[in-house]
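# Geometric and topological summary
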Amino acid sequence: MRLTIFLSILLLISSVASAQTPAAPAGNAENGKKIFTSYGCYQCHNYAANGGAGARLAPKPIAFQAFLKYVRHPADQMPPYTTKVVTDKELADIYAFLLTIPAPPAVATIPILKP
Amino acid sequence: MAKSKKTSINRRGFLKGAAAGAAGAAALVVQVPGVNAQQQAAAAPPQRGTAPSPSASQLAAEAGPLPVDAEILTVENAGSDFMVDVFKSMGFDYIAANPGSSFRGLQESFINYGGNKSPEWLTCCHEESSVALADGYFRVEGKPMLVLAHGTVGLQHASMTIYNAFVARTPVFVVLGNALDATQRRPGVEWNHSVQDASSMVRDFIKWDDNPVSLQHFAESAVRAYKISMTVPMAPVVLVADGDLQEDSADRSKLRIPKLTLTRPPAGDAGAVAEVAKMLVAAENPVIIAGRVASTPEGSKLMVELAETLQAPVQGGGRNMPNRHPLSGGGGLANADVVLGLQVDDLWGTLNNFRDQQERSSKPIIKPGTKVLSISSYDLYTKSNYQDFQRYTEVDLAIAADAEATLPSLIEACKKLITGDRRRVMDERGRKIAAANAAALERARTEATYGWDSSPITTQRVSAEMWNAVKDKDWALIGGGGSRLWNIDQFYRTMAGGGAAAIGSSLPTAVGAALAHKKHGRICIGLQNDGDLMYAPGALWTAAHHRIPMLLVMHNNRAYHQEVMHIQRMANRRQRGITSAGIGTTITDPNIDYSTLARSLGLYGEGPISDPKDLGPALKRAVERVEKGEPALVDVVTQPR
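Residue positions are counted from 1 within each chain, in the order its sequence is given. Chains carry letters and ligands carry numbers; both start at the beginning, A for chains and 1 for ligands, and go up in the order they are written. Totals for whole chains, interfaces and linings use every residue, but because this is a predicted model, local features are given only for residues with pLDDT of at least 70 and side-chain atom pairs only at 80 or more, for both listing and counting. Hydrogens and water are ignored here; the side-chain numbers use all heavy atoms of the structure.

What counts as a helix is a DSSP run of H or I of at least four residues, what counts as a strand is a run of E of at least two, and both are numbered from the N terminus. Counting its regular elements, chain B contains 22 helices and 18 strands. Each residue is assigned to one of three classes by its accessible area relative to the maximum for its type, calculated with a 1.4 Å probe on protein chains only: buried under 20%, partly exposed between the two thresholds, exposed over 50%. Each of the 641 residues in chain B was classed as buried or not, and the buried ones make up 52%. Nonlocal contacts in chain B, meaning residues at least 24 apart in sequence, comprise 80% of its contacts between residues at least 6 apart. Per-residue accessibility takes into account occlusion by the displayed protein chains alone, with areas from the Shrake-Rupley method and a 1.4 Å probe. Surface summary for chain B: the accessible area is close to 27,800 Å², and the carbon and sulfur share equals 52%. Only heavy atoms matter for contacts: two residues are in contact if any of them lie within 4.5 Å across the pair.

Spelled out as structure tokens, the structure:
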């Protein structure tokens, strides 16, 4: 239940923030994909960034500034990633990787998900 | 019990053996009572093919009077036969056990005197598995299973799943073999396997135990133990079967088996129930939180009736009510004015948000003034050492009673108070909740599409493929893997939950659950975690050996993943080594080939499957094998969560 609330908050942040903030800095998506795993992001968000124990991050990630702020000072259960362990540049790389994750197939096109 | 059974060598047999001069002579150097070393040397094993005739002194000894004790070689009416009759009287279906010499008499009686029927012996490879098997069986069948174990090393193995059953309020009847009389113990191992007070090791997390010193005592305590374990809140019990009681002769004319009468679960006090009903009927936004309420299909129907009477949402799911019922789920706790907890393990944790940061903090989810009500039999029985009782919850009204037994009077009390005006308000509320739940189901479908084609395979896709493989069958879940997308329309589709998050218990619990479903011909399926399986994979062999059909789908994320996240949390807090969380927590290098492991233990196995396109066909093939009565395992390499 608490996880559901946590996810709801993040999705809310996502929808509000993406309408307000400027574009993300250029990042290296290839490096971002690599450190998404090595820095442990995948543990809660899965390799596919589709969410798991943590929130879904992609496709359409929240705005970069909101992303940066949340990673540095998470509001709920997520452990903090300070500048001492992840640089802003590396977070930009991770963000660039998240932007590469394509939209999923439409639910209507997946027969086994039909009601 | 005072008689000696020490003389284990029969002199007649010994001399015959010596005369025959057969092979296997090493056994003949045993010191024979009443024969000195020289005599024994004279009777030393002869050279091959040169069997000497017995000496005059040997012949004299052969013809002389025998010590009385040497004659005790066989027994009629073994005490353990009576014990088996005691257990048969209580209607046990199965015994789960890894064999052990401390209960050899009882085992022989079960399989020969008892005919290995009612109860039937299940061969387990680990006592931890034996208890979990019994736990899983009860969660489906509602009947306890017997578990036999050594009072020492067997119980030490079994203790973890006994605790898990205790936390899950599952009755398991554990019988421990022991040799209390020190003068009767065989030297060596039997001393290591003996203990003064066998149950002491687990007494903090069982409900009752006894160490009977006579067969009549055993019978009365066995019936008492069964009754106590089945009285709510239910829990495991332990009974010691002393070795001498098992192996000595019983005078059946002096023994009788007491009648078993189970207690009926207590329903809530009528006045208190009326107060609860008054608050629920008057509430604008009541929320019902259902823990382990329904223990029968009737309980599930009652849960539905309460929800429909009040048009109130029921959180907690499980087998309390069909998951696609319009009132199943939903209803925000933040807006609730009355919360009713029914048999909830952790009400505090449900009503509060706890934040696991360096400075731990919590805040209530419910608003000030929300009335919190509780009906639970857990208030009737609490121990102190192990902390499974969770944090103290402040409530406005608590009824110490079984929730399922209280539901009929609560429903009736609510119905009496509902006026036409309240009915209209409730119906409108119910329509909103139903609409919200329908929307949530659609969102769940969309959520399942994220990462649909990714490799490793998402757990949402695994769940969807599992559902697709069994949805047209008569299926039952014997572990995780279900989701909102599954149509859980019958009580038996899922099993009772709960436990102490005891890693290693899920696999044998699933085997026990599948055994309970076997006679109904249901297709059993469950998601099996890799770390859990590796504790005691021998339970797979037990499923194959006893022809228990079931399909295990591996959630193979190649890690003790919860622990990966905990170590990551520590590293992040300390701002160091954030790339090291996999040390000591991952199950890689080498990766484990679970399908080969399963095949080696007699199951049908497929995998590892990493491409999501291969999963559906593999599950279809595995289900076909399960339909033929086989256990099967499909190894799926998955996303972490």
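Right, let's get into the confidence of the model for chain B. Residue and element names in this part refer to chain B. pLDDT: the predictor's confidence for each residue, scored from 0 to 100. Per-residue confidence for chain B gives a mean pLDDT of 91, with 89% of residues at or over 70. Within the model, pLDDT remains below 50 along residues 1–52, and this stretch shows 56 contacts once partners closer than five positions in the same chain are excluded. For this predicted complex, the interface confidence reaches an ipTM of 0.85, while the overall pTM sits at 0.89.

This part is about the sheet that holds strand β12 (residues 371–375) of chain B. All names here are of chain B. On the basis of which strands lie adjacent, the open sheet formed by 5 strands has the order β8-β7-β9-β12-β13 and parallel pairing. With partners counted over all chains shown, the strands left at the sheet margins are β8 (314–315) and β13 (397–399), one partner each. As judged from the 5 bridges shared by strand β7 (residues 286–290) and strand β9 (residues 338–342), these two strands associate in the parallel manner. Paired with A290 across the bridge in β9 is L342. In this analysis, strands are considered paired if DSSP registers two or more bridges between them.

Residue-level contacts link 39 residues of chain A with 43 residues of chain B. Between chain A and chain B, a total of about 3,400 Å² is buried, with carbon and sulfur atoms accounting for 58% of that surface. In the sections that follow, a salt bridge refers to a side-chain nitrogen of Lys or Arg positioned within 4 Å of a carboxyl oxygen of Asp or Glu. Seen at the junction of chain A and chain B, the total is 1 salt bridge. Elements supplying a minimum of two residues to the side of chain A that touches chain B: α1 (2–17) and α3 (41–45) of chain A. Split into classes, the residues belonging to the side of chain A that touches chain B amount to 25 nonpolar, 9 polar and 5 charged. Put simply, buried area is how much 1.4 Å-probe accessible surface two parts lose in total, over both of them, once they are put together. Here the term charged refers only to Asp, Glu, Lys and Arg, the term nonpolar to Ala, Val, Leu, Ile, Met, Phe, Trp, Tyr, Cys and Pro, and the term polar to all other amino acids, Gly among them.

Residues and elements named next belong to chain B. Relative to the helices and strands, E141 is located in helix α6 (residues 127–141). Along the chain, E141 and Q390 lie 249 residues apart, while their C-alpha atoms are 28 Å from each other. Dropping the residues within four chain positions of it, E141 is found in contact with A516, K519 and H520.

Here the focus is the packing of α6 of chain B against helix α7 (residues 153–167) of chain B. Packed helices, taken two at a time, are described by the angle their axes make and the gap between the axes. Residues and elements named next belong to chain B. Orientation is described by lines fitted to C-alpha atoms, with helices fitted over the stretch in contact, and by angles between N-to-C directions that extend from 0 to 180 degrees. Relative orientation of the contacting elements α6 and α7 amounts to 30°, with a least axis distance of 6 Å. The pairing of α6 with α7 is recorded here as roughly parallel in orientation. When you trace α6 past α7, the crossing you get is right-handed. Across the interface between the two elements, E127, E128, V131, A132, D135 and R139 of α6 pack against G154, H157, A158, M160, T161, I162, N164 and A165 of α7. Broken down by class, the residue content of the contact of α6 with α7 amounts to 6 nonpolar, 4 polar and 4 charged. Any angle that is under 35 degrees is reported as roughly parallel, and any over 145 degrees as roughly antiparallel; angles of 65 to 115 degrees are reported as roughly perpendicular and all others as oblique. Should the near helix be turned anticlockwise from the far one by less than a right angle, the crossing is termed left-handed; should it be turned clockwise, right-handed.

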